[in-house]
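Here is how the chains run, residue by residue.
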Amino acid sequence: MNITLCLPAEAAERVEEAVAEAMEPFYLDAPGWEENRIWDSWRIVSRAFNVLPGYETDLRLVAPHPSRWGGYVEPPVNDFGWCAGGPRELLDFGASTEEARQLADAVWLHWHQLVAELPAAQPYDVYYGRHVTEG
């Protein structure tokens, strides 16, 4: 599961600490509502936001952080033009929105192609009758 976490500007100098604080109520061993305890780990990933042209090397951008799986450290992805976050004035939300629209269109088209290959839907009674009589 991926989430987008928005932090206040004053958290810029302590991003990892601010993310940990924001995620704390959702850790598996956190007190409170059991339904809220859904995380056992988190990491900052790349390809979340497009960067405005000319700002790709700005030090205020949040870079992805590698994750650790079974002692193996996954190397970070260096994806020029993308970042995990940063100040709003450095992010190209228009490009991100257009890319999301194109992806949604492609998924929708693919779904309809897959559905066209499936047999026609049957009423529940057909399924129920088949399994009750076999059981």
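Quantities reported herein were computed from a predicted structural model and do not represent experimental measurements.

> Even after reading the chapter, I still don't get the overall build of the protein chain, so can you show me in this structure?
Of regular secondary structure, the protein chain possesses three helices and four strands. Going residue by residue from the N terminus, the α and β elements of the protein chain occur as α-β-β-β-β-α-α. A buried classification covers 18% of the 135 residues belonging to the protein chain. Once local pairs closer than 6 in sequence are excluded, the contacts in the protein chain between residues at least 24 apart make up 52%.

> Would you explain the nonpolar core in this entry?
Across soluble globular proteins, you tend to see nonpolar side chains buried next to one another. Of all hydrophobic cores here, the largest spans seven residues; its members are Val15, Val19, Met23, Trp39, Ile44, Val62 and Ala84. Beyond its immediate chain neighbours, meaning those up to four positions away, Met23 contacts Ile3, Trp39 and Trp42. Membership of the second largest hydrophobic core comes to six residues, among which are Phe49, Val51, Leu61 and Cys83.

> Please clarify how the confidence of the model for the protein chain should be interpreted in this entry.
As a general rule, the predicted coordinates of low-pLDDT regions are not to be interpreted in detail. Predicted confidence across the protein chain gives a mean pLDDT of 79, with 77% of residues reaching 70 or more. Element-level pLDDT for the protein chain is lowest in strand β3 (residues 72-73), with a mean of 58, against a maximum mean of 90 in helix α2 (residues 93-116).

> Where do I start with the pattern of salt bridges in this structure?
Side chains that differ in charge, positive against negative, can pair when their charged atoms come close. In the structure shown here, the tally under the stated rule is six salt bridges. One salt bridge connects Arg14 with Glu21, and the closest N-O pair in it is separated by 3.3 Å. Judged by relative accessible area, which is 41%, Glu21 ranks as partly exposed.

> What is the right way to read helix α1 (residues 15-23) from this model?
The α-helix advances 3.6 residues per turn, and as a result positions three or four apart in sequence lie on the same side. Within α1 the residues assigned to the buried category are Val15, Ala18, Val19 and Met23. Buried residues of α1, seen end-on, are gathered within an arc of 130 degrees and therefore sit on one face of the element.

> Is there a simple way to explain the packing of aromatic side chains in this structure?
When we look at a pair of aromatic rings, we describe it by the centre distance and by the angle of the planes. Counted according to the given criterion, the structure contains three aromatic pairs. Taking the centre distance of 6.2 Å and the plane angle of 45 degrees together, the rings of Tyr124 and Tyr127 count as tilted. Note that Tyr124 and Tyr127 are positioned in helix α3 (residues 124-134) at a spacing of three residues, about one turn of the helix. With a relative accessible area of 44%, Tyr127 lands in the partly exposed category.

> How should I be thinking about the environment of Leu91 in this particular structure?
The residue Leu91 is located in the loop between β4 (82-83) and α2 in this model. In this structure, the C-alpha to C-alpha distance between Leu91 and Val51, residues 40 residues apart in sequence, is 4.6 Å. Apart from residues no more than four positions distant in its own chain, Leu91 is found in contact with Phe49, Asn50, Leu52, Leu61, Cys83, Gly85 and Gly86.

> Which parts of the structure should I look at to understand a nonpolar patch on the surface?
A surface patch of nonpolar side chains, amounting to about 470 Å² of accessible area, comprises Trp108, Trp111, Val115 and Leu118. Structurally, Leu118 can be placed in the loop between α2 and α3. Using a relative accessible area of 54% as the deciding quantity, one classes Leu118 as exposed.

> Explain the environment of Val45 to me, please; I cannot follow it from the model alone.
Along the chain, Val45 falls in the loop between α1 and β1 (49-50). In the structure, Val45 is positioned 20 residues away from His65 in sequence and 6.2 Å away in space, judged by C-alpha atoms. If we ignore the near neighbours within four places in the chain, the residues touching Val45 are Pro64 and Ala84.

> Explain the side chain of Asn50 here, please?
Position of Asn50 among the secondary structure elements: in strand β1. Since its relative accessible area comes to 11%, Asn50 is described here as buried. The residues contacting Asn50, other than those within four sequence positions of it, are Gly81, Trp82, Leu90, Leu91, Asp92, Ala95 and Ser96.

About the cut-offs
- Residues numbered from 1 in each chain as written.
- Predicted model: local features only at pLDDT ≥ 70, side-chain atom pairs only at ≥ 80, totals over all residues.
- Heavy atoms only, no water.
- Helix = DSSP H or I, 4+ residues; strand = E, 2+ residues; numbered from the N terminus.
- Buried < 20%, exposed > 50% of the residue type's maximum accessible area, 1.4 Å probe, protein only.
- Contact = heavy atoms within 4.5 Å.
- Core = buried A, V, L, I, M, F, W, Y, C linked by side-chain atoms within 4.5 Å.
- pLDDT = per-residue confidence, 0-100.
- Salt bridge = Lys/Arg side-chain N within 4 Å of Asp/Glu carboxyl O.
- Arc of directions from axis to C-beta.
- Phe/Tyr/Trp six-rings, centres within 6.5 Å; stacked < 30°, edge-to-face > 60°.
- Patch = residues over 30% accessible without salt bridge, like charges linked within 9 Å, V, L, I, M, F, W, Y side chains within 5 Å.
- Areas by Shrake-Rupley, 256 points an atom, 1.4 Å probe, with all protein chains shown as cover.

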